[in-house]
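Understanding the architecture of this molecule
Here is how the chains run, residue by residue.
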Amino acid sequence: MNAREEILRRIERAAPARPAAEVAASYDRIDRGYLRRHHEDAILDLFAERVADYRATVLRVAAAEVASTVAERLAARPGAYGVPSGLPAEWTSATGAALVRDPSVASLDGLAGAVTGCAAAVAETGTIVLDHGPAQGPRALSLVPDYHLIVVLAGQVAADVPEALERLDPRRPLTFVSGPSATSDIELSRVEGVHGPRTLEVLVVQ
């Protein structure tokens, strides 16, 4: 028995695994009497305001304007863009930029940016959630390129965190995006682009 197996054996002995049905039942018994929504109206307005507070660019467009707006944003940064294979083709139908479907990890550094969809968004916190489904691609696609354009549909925006979490599958890898990557760890001086994209642009499709 190696060290890993010994550690896992001790954990199992201290906290034996329970049947899935028993675990689900225990979660159902949790009291969730807290306030679930802080806002009822102007949810998209609040979301756009909070995203902009994080120094991201927010563009509100009609469904018919998505393709032309994507083309305009990509034209501002010449180069190739990584896109997941499940991204709706109509979103990139007007761009002349080179699109790399499902780029390899090794090629990500050479891309001008990435274009993805999302799984959900939270108006209260200005957060966008990726679950890395077909329209979002693997996590590396949203973290390595210096520029990330995310298309958020109006119906994906929840008023608050509890409502958004109900729409997500906790078994999937979830990435929560609140503005461009930034840190103020060193002398409280803000530095962007350290752990992910330096520039975040969000298209809110109304």
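Described in the following lines is the structure provided in the data block. (Residues numbered from 1 in each chain as written. Predicted model: local features only at pLDDT ≥ 70, side-chain atom pairs only at ≥ 80, totals over all residues. Heavy atoms only, no water.)

Overview of the sheet that holds strand 9 (residues 175–177)
In spatial order, the strands read 8-5-6-9; together these four strands make up an open sheet with mixed pairing. Edge positions in the sheet fall to strand 8 (157–158) and strand 9, since each has one partner strand and no second. (Pairing = 2+ DSSP bridges. Helix = DSSP H or I, 4+ residues; strand = E, 2+ residues; numbered from the N terminus.)

Quick word on the nonpolar core
If you look at the biggest cluster of nonpolar residues, it comprises 19 residues, and the most contacted ones within it are Phe47, Ile128, Ile150, Val152, Val157 and Val202. Only helix 3 (43–53), strand 6 (127–130), strand 7 (147–153) and strand 12 (199–205) provide two or more residues apiece to this core. At five residues, the largest contribution of residues to this core is made by helix 3. In contact with Ile150, not counting residues within four places along its chain, are Thr116, Gly117, Cys118, Ile128, Val177, Leu200, Glu201, Val202 and Leu203. (Core = buried A, V, L, I, M, F, W, Y, C linked by side-chain atoms within 4.5 Å. Buried < 20%, exposed > 50% of the residue type's maximum accessible area, 1.4 Å probe, protein only. Contact = heavy atoms within 4.5 Å.)

A word on the pairing of strand 4 (residues 113–116)
Where burial is concerned, the two faces of strand 4 agree: the one with Gly113 and Val115 and the one with Ala114 and Thr116 are both buried. As defined by bridge partners, strand 2 (residues 81–83) adjoins strand 4 across two bridges and the pair is classed as parallel. Across the sheet, the residue bridging to Tyr81 is Gly113, located in strand 4.

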